[in-house]
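Here are the chains, one letter per residue:
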Amino acid sequence: MSDPSSSTEFPYLHGFSEVEQARLVKQAQIAESTIFHDIDYAGAGRLLEVGSGVGAQTEILLRRFPALHATCVDLSPAQLGAASRRLSAMPWLEGRYALHQADATDLPFAPRSFDCAFLCWVLEHVPSPARVLNEVRRVLSPGSPVYITEVMNASFLLDPYSPNVWRYWMAFNDFQIDSGGDPFVGAKLGNLLLAGGYRDVTTQIKTFHFDNREPARRKTMIAFWEELLLSAADQLLAEGKVTDEVVEGVRREMRQVQNDPDAVFFYSFVQARATVY
């Protein structure tokens, strides 16, 4: 859903515009209570955040865990510049973070440099999640907790049925696969962590499920999801994955669903926790 942290050759589906950077901040705010409900860094102090992007999750991490210092790694200078501007505007964060441009498969840190790690919406974008996880393990001290939150795009459901949204979503996922990413990596986190030498591996399925019980939150999520989908429109059009008619159909159908009194939005993702020994 958000930030790449891999090879310089990897085409990021959503781009790096200011509009997209603002969307990432909004995304972090909307998902905060769900993502962070079970995250606990008690006793830790030196956090590695891989794929930190515009610093949207960094601010949340430092706010929720006042003892942490975050070392943030991202491949994109544009995202790191946005993170610097955003975080430096928050004086209470001064001295609590450092930003580094680096490839997540070749981290510029010594072994045992950190005692916890955080990755969110990152592995979906990288060609080799296993290499990233090996590097993260290398730079963590024994006993360090790692939390990884990842997409599982097969779970998406929108009701009433919206055929253009569905065609677009399939193209969205196809583009990510063709580019070397994995829109279904969330379901594979357990295997990846075990193969990478992590211990105490657990996974949770977390869900955004909105219907008539929470109409205001449903409306907010559907509007945000339209932004997320259309942030990839230029790339998908340029690659011939979708047509202008499909894109216009997405806009029309998302408005219709947003105004439907019985609409349903459903999306699940996976959060893994593991320990380094």
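Anything mentioned here points back to the structure above.
What you see is a predicted model, and the numbers here were worked out from it, not measured in a lab.

## Quick notes on unusual backbone geometry
- Residue Asp 159 is joined to Pro 160 through a cis peptide bond whose omega torsion reads 10°.
- Even without being glycine, Asp 200 reaches a positive phi, approximately 50°.
- Mapped onto the elements of the fold, Asp 200 is located in strand E7 (residues 199-210).

## Overview of the environment of Trp 121
- With respect to the secondary-structure elements, Trp 121 resides in the loop between strand E4 (116-120) and helix H4 (129-138).
- A relative accessible area of 1% places Trp 121 in the buried class.
- Separated by 62 residues in sequence, Trp 121 and Pro 183 have C-alpha atoms that sit 9.9 Å apart.

## Focus on helix H2 (residues 56-64)
- With seven of nine residues buried, H2 is to be regarded as a mostly interior element.
- All of the buried residues in H2 are Ala 56, Gln 57, Thr 58, Glu 59, Ile 60, Leu 61 and Leu 62.

## A look at the packing of helix H7 (residues 215-230) against helix H9 (residues 244-259)
- Interaxial distance between H7 and H9 falls to 9 Å at its minimum, and their mutual angle equals 170°. The orientation of H7 relative to H9 falls into the category roughly antiparallel. The segment H7 lies against H9, with Lys 219, Ile 222, Ala 223, Trp 225, Glu 226, Leu 229 and Leu 230 engaging Val 247, Val 250, Arg 251, Met 254, Val 257, Gln 258 and Asn 259.
- Across the contact of H7 with H9, the residue classes break down as nine nonpolar, two polar and three charged.

## Section: the packing of helix H5 (residues 163-178) against H7
- In contact at an axis separation of 11 Å, H5 and H7 are set at 50° when each is read in the N-to-C sense. One element, H5, and the other, H7, form an angle in the oblique class. In this structure, the crossing between H5 and H7 has a hand that is left-handed. Side by side, H5 and H7 meet where Val 165, Tyr 168, Trp 169 and Phe 172 of the first sit next to Trp 225, Leu 228, Leu 229 and Leu 230 of the second.
- Taken together, the residues that form the contact of H5 with H7 break down as eight nonpolar, no polar and no charged.

Definitions and cut-offs
- Residues numbered from 1 in each chain as written.
- Predicted model: local features only at pLDDT ≥ 70, side-chain atom pairs only at ≥ 80, totals over all residues.
- Heavy atoms only, no water.
- Helix = DSSP H or I, 4+ residues; strand = E, 2+ residues; numbered from the N terminus.
- Buried < 20%, exposed > 50% of the residue type's maximum accessible area, 1.4 Å probe, protein only.
- Axes fitted to C-alpha atoms, helices over the stretch in contact; angles between N-to-C directions.
- Parallel < 35°, antiparallel > 145°, perpendicular 65-115°, else oblique.
- Contact = heavy atoms within 4.5 Å.
- Nonpolar A, V, L, I, M, F, W, Y, C, P; charged D, E, K, R; others polar.
- Left-handed = near helix turned anticlockwise from the far one by under 90°.

Bear in mind that shape data such as this cannot, by itself, settle questions of function.
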